[in-house]
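Here is how the chains run, residue by residue.
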Amino acid sequence: MQEVDDMYLSALHDKSEIELARQLFDTRDKDVLQSKQRINDYLHDAKLCSGLHDTNSVKSKSSLHSKGSHSSSSSTKLRLIEAKARATVLEVEARFLKEKQALRMASEELELRQKIAEAKVEERPCEEFDEEQNIDGMNDYLEGVKAKLTTTSFLSEAKSNDQTTLRARSLLPSHEPPTFCGDVMSYPVFIAAYETLIESKVDNSSELLYFLHQYTSGKAKELIKGCLQMKSGDSYNEARRLLKKHFGDSYKIASAYIAKLSN
């Protein structure tokens, strides 16, 4: 019983619960001690009665008839005392058994509660980890959505800007290089406009030669007319070379400006 008490007390943690359990144990021990004392008293009385019965039996040899009723009464009392003693012992054993079962159940319950508490302590980090994982996943999702919205907004804005630019350009008048008739003073302006508006947008040399012939007249057209008959891929370069030689010479251009100023 003491071993069960110690095991139960070791399973408790709260000071008030430990003190209450000790008070219960003290009360139980007092009841047990009193029960034992009553049993000893009953047994002592039983022995006295038994001794008295033996003495009466010796004396009854002389007068069996007169002592018979007294012996029968003492025997009945002895049996009654023994029966009460056995009942008391059984009651004490039953009480001990009940208390032992209650203590064992309480100890098992405390052990189970302790395991549940430990499991909850182990469960908490897992829950926090899941929460962190969920938060990280949500942050990644929001970042992805933000990136998509930013990209979509940027593309939409760029597309809108392109459409605005195209619309503005469509409202402007179309640009064409001026027609070059062979005036040396007009050659620098003509060739610069031709390179910007035609040559920068066309890659085919045959088409460039065709446009060059289209935007010339007079002496300049006659000068490059023969290049149209050439079948080589250098016909356009040859036409540009002839125009520069006859109209793009720096000395000729300067002389023309001087002559114009002199007049």
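Preceding block: the structure.
Calculation notes
- Residues numbered from 1 in each chain as written.
- Predicted model: local features only at pLDDT ≥ 70, side-chain atom pairs only at ≥ 80, totals over all residues.
- Heavy atoms only, no water.
- Core = buried A, V, L, I, M, F, W, Y, C linked by side-chain atoms within 4.5 Å.
- Buried < 20%, exposed > 50% of the residue type's maximum accessible area, 1.4 Å probe, protein only.
- Helix = DSSP H or I, 4+ residues; strand = E, 2+ residues; numbered from the N terminus.
- Contact = heavy atoms within 4.5 Å.
- Salt bridge = Lys/Arg side-chain N within 4 Å of Asp/Glu carboxyl O.

Would you take a moment to explain the nonpolar core for this structure?
Here is a general trend for soluble globular proteins: nonpolar side chains tend to be buried in one another's company. Ranked by internal contacts, the top residues of the largest apolar core, which has 23 residues, are F190, Y194, L212, L243 and F247. Every element with two or more residues in this core is listed here: α4 (187-199), α5 (205-214), α6 (218-225), α7 (235-247) and α8 (250-262). Apart from the residues lying within four places of it in its own chain, the contact partners of F190 are P178, F180, L212, Y215 and T216. If you look at the next biggest cluster of nonpolar residues, it comprises six residues, including I18, F25, L103 and L110.

What is the right way to read the pattern of salt bridges from this model?
If charged atoms from side chains of opposite charge come close, those side chains can pair. Under the definition given, this model contains four salt bridges. Between E199 and R240 there is a salt bridge, with its nearest N and O atoms 3.0 Å apart. Taken together, the residues E199 in helix α4 and R240 in helix α7 connect sequence positions 41 residues apart. The exposure class assigned to E199 is partly exposed, which follows from its relative accessible area of 26%. Across the salt bridge formed by R241 and E238, the nearest N and O atoms sit 2.5 Å from each other. Placement of the pair is R241 and E238 together in helix α7, with a separation of three residues, close to one helical turn. Judged by its relative accessible area of 42%, R241 is partly exposed. Exposure remark for E238: the relative accessible area of 24% places this residue in the partly exposed category. Members of the salt-bridge network, linked through shared partners, are E195, E199 and R240.

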